[in-house]
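Each chain, written out:
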Amino acid sequence: MQNAASENSEEEESRLGTWLDLMGSDLRLKITSRDLSIQYPEPCDVGDAVFIEFTAKTASSSEDEDGTIFQKVDNWLIVIGDKDVTPALEMGIRFMQEGETGFIFSKSKYAYGSAKRIQGKYILPSDTDVSYEVRIQKLIKSNQVLSNPICQVEVALGKKVIANHTYQFEWSDGYSKSKVLNMYKKAGDAMSNLLNEKEIEESVKEKARELLIECLNNIAAVYLRAKEYGKAKEAATRVIVIDPNNLKALLRAARAAIYDPAGTYEESKAAIAAAEIVDPKNRDLLNLKLELQKKIKDYKKRNRQMLSKMSKGIKNVNQKPETKPPTSDKKDETLRSANDSEINASSKETSRWLKVFMQVLQFVIVPLYAFYILMSLRAR
């Protein structure tokens, strides 16, 4: 046993300060320190829940430790394999143990890629290489997570916290929309499943219910920001089914109905009326009412303009063009023109009949007359 422990200790010591190439030189990990108070550190594995703290910086190379700090996190709970953080950070943690501190260098393709990240006044440019100094605070093995309702609530809360952060700082014209939605949905689904279990304490169920409502409300917010109003309305409606007096959900449902091409103003009015019962002086509610009034006013104005154009079009079709009587100076000219037309028509008619007569004379009368003369001579 002592020999085995000694070998493990030597192996762990050899990890310190040594670069481990995870994806060639594009993604590297170096363990820099270890918490010696943890006697038997657990290695991180897929499905494990891990409490982490880290500082993220820009980095020109794996040796660059003096880059600009663009993110600092004190306590996040992630699940390895769930893509809660960047691929670089998740893969680096995957090769660490509880209590260790490591330095991860990553090319941009394993970090934020072409997306921008905005936090405060600092903007992380697209295609920036980064480094993470990360510490594994605590590790919960996957079997404990699955069997413990309290752990499940903690994991769901961790996903919501990270999704909120990503929504705020990493939206980048919708680049991270799918990631944020995925995290909110996973957290919400886990809490929904927990609520359906029978042997769960009421205090845990209450936390699960609150967290489910928060995740659904946030899903509605994401869809509103992405201008997918039908899906936003659906998410907000799910909240209202659980909590009919949820002001946030009522306002988001109303806003979604206002801008949804398939929605109706009646839906918006109903949601606003319900929100007024909860908090009639709410500032967002008052602004939304003004917004709805303006939308209805603009809609009626467009309808009036459209009906006016249609009416003018119908009037133009039915209206006969007016003919002005000729002036005295033009009367003689008009009569002359009419007489000339009649004369020309008469001349043409006479010429046509003369031509027909000549043809009859040539082909009928003349041959008959010649036949008559011939028969007369024979009789003599």
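Everything below is about the structure shown above.
None of the values given here were measured: they were computed from a predicted structure.

**Student:** I'd like to hear about the packing of helix α4 (residues 149–169) against helix α6 (residues 202–225), residue by residue, with values.
**Tutor:** To describe two helices that pack against each other, one gives the angle between their axes and the distance between the axes. At their nearest, the axes of α4 and α6 sit 11 Å apart, and the two run at 20° to each other. Classified by the angle their axes make, α4 and α6 are roughly parallel. Crossing angle aside, the handedness with which α4 passes α6 is left-handed. The segment α4 lies against α6, with P149, I150, V153, A156, L157, K160, N164 and Y167 engaging V204, K207, L211, E214, C215, N218, A221, V222 and R225. Of the residues contributing to the contact of α4 with α6, the split by class is eleven nonpolar, two polar and four charged.

**Student:** Could you give an account of helix α7 (residues 229–242), with specific residues and numbers?
**Tutor:** Under the 1.5 Å per step criterion, the end-to-end length of α7 is 20 Å for 14 residues, consistent within 8% with the ideal 20 Å. Those residues of α7 not exposed but buried are Y229, A232, K233, A235, A236 and V239. Down the axis of α7, the smallest arc covering the buried residues is 165°, so these residues share one side. Exposed residues pointing more than 90 degrees away from the buried face of α7 are listed as E234 and V241. In this fold, the buried residues of α7 make contact with α6, α8 (247–259) and α9 (265–278).

**Student:** Account for the nonpolar core, naming residues and giving values.
**Tutor:** Counting 62 residues, the largest nonpolar core has V50, I52, F54, L89, I93 and Y132 as the members making the most contacts within it. Beyond its immediate sequence surroundings of up to four residues, L89 is in contact with I52, F54, I104, Y132 and V134. Residues L247, I258, A275 and L292 belong to the second largest nonpolar core, which totals 13 residues.

**Student:** Quick rundown of the packing of α6 against α7? Include the residues and the values.
**Tutor:** Contact pair α6 / α7: the axes reach a minimum separation of 7 Å and the direction vectors enclose 160°. Considered as vectors, α6 and α7 are oriented roughly antiparallel to each other. Seen along the crossing, α6 lies across α7 with a hand that is left-handed. Note on element contacts: α7 touches α6 through Y229, K231, A232, A235, A236, R238, V239 and I242, opposite R209, L212, I213, L216, N217, I219, A220, Y223 and L224. Taken together, the residues of the contact of α6 with α7 break down into 13 nonpolar, one polar and three charged.

**Student:** Describe in detail the sheet that holds strand β8 (residues 130–140), supporting the description with residues and values.
**Tutor:** Overall, antiparallel pairing links the six strands, which are arranged β1-β2-β5-β8-β3-β4 in an open sheet. Every interior strand has two partners, whereas the edge strands, β1 (19–21) and β4 (69–79), have only one. For this sheet the average axis-to-axis angle between neighbouring strands, irrespective of direction, equals 25°. Looking at chain direction, β1 and strand β2 (residues 27–34) are connected through three bridges and run antiparallel. Paired with L20 across the two strands is L29, which belongs to β2. In the packing of α4 onto the sheet, the strands contacted are β3 (49–58), β4 and β8, and the crossing angle to β4 comes to about 155°.

**Student:** Requested: an account of the side chain of K159, with residues and values cited.
**Tutor:** Position of K159 relative to the elements: it lies in helix α4. When residues no more than four places from it in sequence are discounted, the contact partners of K159 are V79, D82, D84, M183, K186 and A187.

**Student:** I'd love a proper account of the packing of aromatic side chains, names of residues and values included.
**Tutor:** With the rule as written, the count across this model stands at seven aromatic pairs. Summarising the aromatic geometry, the rings of F70 and Y112 are spaced 5.8 Å apart at their centres and angled 80° between planes, so their arrangement reads as edge-to-face. Separated by 42 residues along the polypeptide, F70 in strand β4 and Y112 in the loop between β5 (100–106) and β6 (117–119) bring together distant segments of the chain. With a relative accessible area of 5%, F70 lands in the buried category. Given a relative accessible area of 10%, Y112 falls into the buried group. By way of ring pairs, the aromatic residues F54, W76 and Y132 are connected into one cluster. In this arrangement the basic side chain of R94 is found over the ring face of F95, its NZ or CZ atom lying 5.9 Å from the centre. The aromatic ring of Y167 is capped on one face by R225, whose charged end is 4.6 Å from the ring centroid.

**Student:** Could you give me a rundown of the pattern of salt bridges, with the residues and numbers involved?
**Tutor:** Scanning the model with the defined rule gives 21 salt bridges in all. Its salt-bridge partner being R28, residue D21 comes within 2.6 Å of it at the nearest N-O pair. Residue classification places R28 among the buried positions, given a relative accessible area of 18%. With a closest N to O distance of 2.9 Å, K160 and E214 form a salt bridge. Separated by 54 residues along the polypeptide, K160 in helix α4 and E214 in helix α6 bring together distant segments of the chain. Residue classification places K160 among the buried positions, given a relative accessible area of 14%. The partly exposed category is assigned to E214, whose relative accessible area is 34%. Among the charged side chains, a salt-bridge network with shared partners connects D82, D84, K159 and K186.

**Student:** Got a sec to walk through a nonpolar patch on the surface? Specific residues and values, please.
**Tutor:** A contiguous nonpolar patch, built from M306, L307 and M310 and spanning about 310 Å² of accessible area, is present on the exposed surface. Counting through the fold element by element, L307 comes out in helix α10 (residues 283–318).

Rules behind the numbers
Residues numbered from 1 in each chain as written. Predicted model: local features only at pLDDT ≥ 70, side-chain atom pairs only at ≥ 80, totals over all residues. Heavy atoms only, no water. Axes fitted to C-alpha atoms, helices over the stretch in contact; angles between N-to-C directions. Helix = DSSP H or I, 4+ residues; strand = E, 2+ residues; numbered from the N terminus. Parallel < 35°, antiparallel > 145°, perpendicular 65-115°, else oblique. Left-handed = near helix turned anticlockwise from the far one by under 90°. Contact = heavy atoms within 4.5 Å. Nonpolar A, V, L, I, M, F, W, Y, C, P; charged D, E, K, R; others polar. Expected span 1.5 Å × (residues − 1). Buried < 20%, exposed > 50% of the residue type's maximum accessible area, 1.4 Å probe, protein only. Arc of directions from axis to C-beta. Core = buried A, V, L, I, M, F, W, Y, C linked by side-chain atoms within 4.5 Å. Pairing = 2+ DSSP bridges. Phe/Tyr/Trp six-rings, centres within 6.5 Å; stacked < 30°, edge-to-face > 60°. Lys NZ or Arg CZ within 6 Å of the ring centre and 35° of its normal. Salt bridge = Lys/Arg side-chain N within 4 Å of Asp/Glu carboxyl O. Patch = residues over 30% accessible without salt bridge, like charges linked within 9 Å, V, L, I, M, F, W, Y side chains within 5 Å. Areas by Shrake-Rupley, 256 points an atom, 1.4 Å probe, with all protein chains shown as cover.

These figures capture arrangement, not role.
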